[in-house]
Amino acid sequence: MGSSSSVQLTMLGLDSSGKTTILYHMKFEQYTNATPTISYNCETIKVKEGSAKGITFKIWDVGGQDNKRPLWNQYTRSSDGIIFVVDSEDKERLEEAKLELIRLLKAPDNQKLPLLVIANKQDLQHSLSLHEIETLLGLRDLHPGQMWSIIGACAITGEGLTEAMDAMYDLIVKRKSHKRKK
Ligand code: G3D
Ligand code: MG
């Protein structure tokens, strides 16, 4: 962490999982219709509530189309944490999401970063539960040193996004105190 009151995050995930909608809901506290992201969006967000209150998050939202995925590591390199967004209703593409997540976490530098999975689109009727998503993504089989957490959300209403910021911040603080003990 550069300064203790500011953290840099990279938000990744397949295209159409809702990353840009999440980013703009966090920024403007309302639903904004996002157009597909060509390269990236970046916003600085000062958290107003929860355990991360007063902390500034600089969030990079990186395009998730398959030709953009090789670029993901360029963004994570200077990050304090990774947010990985999945569409909770798109069971078919969860397998693809899992493969991308595994590929991402193959890089030893990324294994050191706390990972927050946002199970987005929990408002949809056939959305999978957090437990099912945890299983389908293989989160319990990740590298033992990998710190992770999963939070359900709906980027349209903003439900779950404060909890998501809290969970991400808690992981970052925890990791920092682990490092200090070494
Ligand atoms: P991306 O940035 O990950 O590619 P976007 O995804 O933010 O562009 O969102 C893709 C589509 O999913 C958008 O719909 C957006 O409105 C919708 N979406 C995002 N979050 C949610 C959610 O929580 N619930 C529901 N029901 N839809 C969501 P369009 O129609 O513009 O493609
Ligand atoms: Mg986008």
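Our structure's up above, just so we're on the same page.
Residues numbered from 1 in each chain as written. Chains lettered and ligands numbered in written order. Predicted model: local features only at pLDDT ≥ 70, side-chain atom pairs only at ≥ 80, totals over all residues. Heavy atoms only, no water.

## Brief notes about the sheet that holds strand E6 (residues 148-152)
Taken in spatial order, the six strands of this open sheet run E2-E3-E1-E4-E5-E6, and their pairing is mixed. The sheet is open, and its two edges are formed by strand E2 (40-46) and E6, each paired on a single side. Mean inter-strand twist for the sheet, computed between neighbouring axes without regard to direction, equals 20°. Pairing between E2 and strand E3 (residues 56-62): seven bridges, direction antiparallel. The partner of Tyr-40 across the bridge, within E3, is Val-62. Its contacts with the sheet put helix H3 (residues 91-104) on strand E1 (6-12), strand E4 (81-87) and strand E5 (115-120), and the angle it makes with E4 is roughly 165°. Relative to the sheet, helix H6 (residues 161-181) contacts E1, E2, E3, E4, E5 and E6, its axis offset from that of E6 by approximately 175°. (Pairing = 2+ DSSP bridges. Helix = DSSP H or I, 4+ residues; strand = E, 2+ residues; numbered from the N terminus. Axes fitted to C-alpha atoms, helices over the stretch in contact; angles between N-to-C directions. Contact = heavy atoms within 4.5 Å.)

## Side note on unusual backbone geometry
Note: most peptide bonds trans; most residues except glycine with negative phi. In this structure, Ser-16 takes a positive phi of about 75° despite not being glycine. By the element assignment, Ser-16 lies in the loop between E1 and helix H1 (19-28). The phi dihedral of Lys-121 is positive, around 65°, even though this residue is not glycine. Its place among the elements puts Lys-121 in the loop between E5 and helix H5 (130-136).

## Description of the site of ligand 1
Near ligand 1, the surroundings consist of 18 residues, among which Ser-16, Lys-19, Thr-20, Thr-21 and Asp-123 are the closest. Ser-17 places a main-chain nitrogen or oxygen 3.3 Å from an oxygen atom of ligand 1. One of the side-chain nitrogen or oxygen atoms of Thr-20 is found 2.8 Å away from an oxygen atom of ligand 1. Look at ligand 1: alone it shows 660 Å² of surface, and the protein chains cover 75% of it. Ranked by the residues each element gives to the shell around ligand 1, the list is headed by H1, at three residues. The residue makeup of the shell around ligand 1, split by class, is seven nonpolar, seven polar and four charged. (Near = heavy atom within 4 Å. Polar contact = N/O pair within 3.5 Å; in protein donor to acceptor, adjacent residues only side chain to side chain. Areas by Shrake-Rupley, 256 points an atom, 1.4 Å probe, with all protein chains shown as cover. Nonpolar A, V, L, I, M, F, W, Y, C, P; charged D, E, K, R; others polar.)

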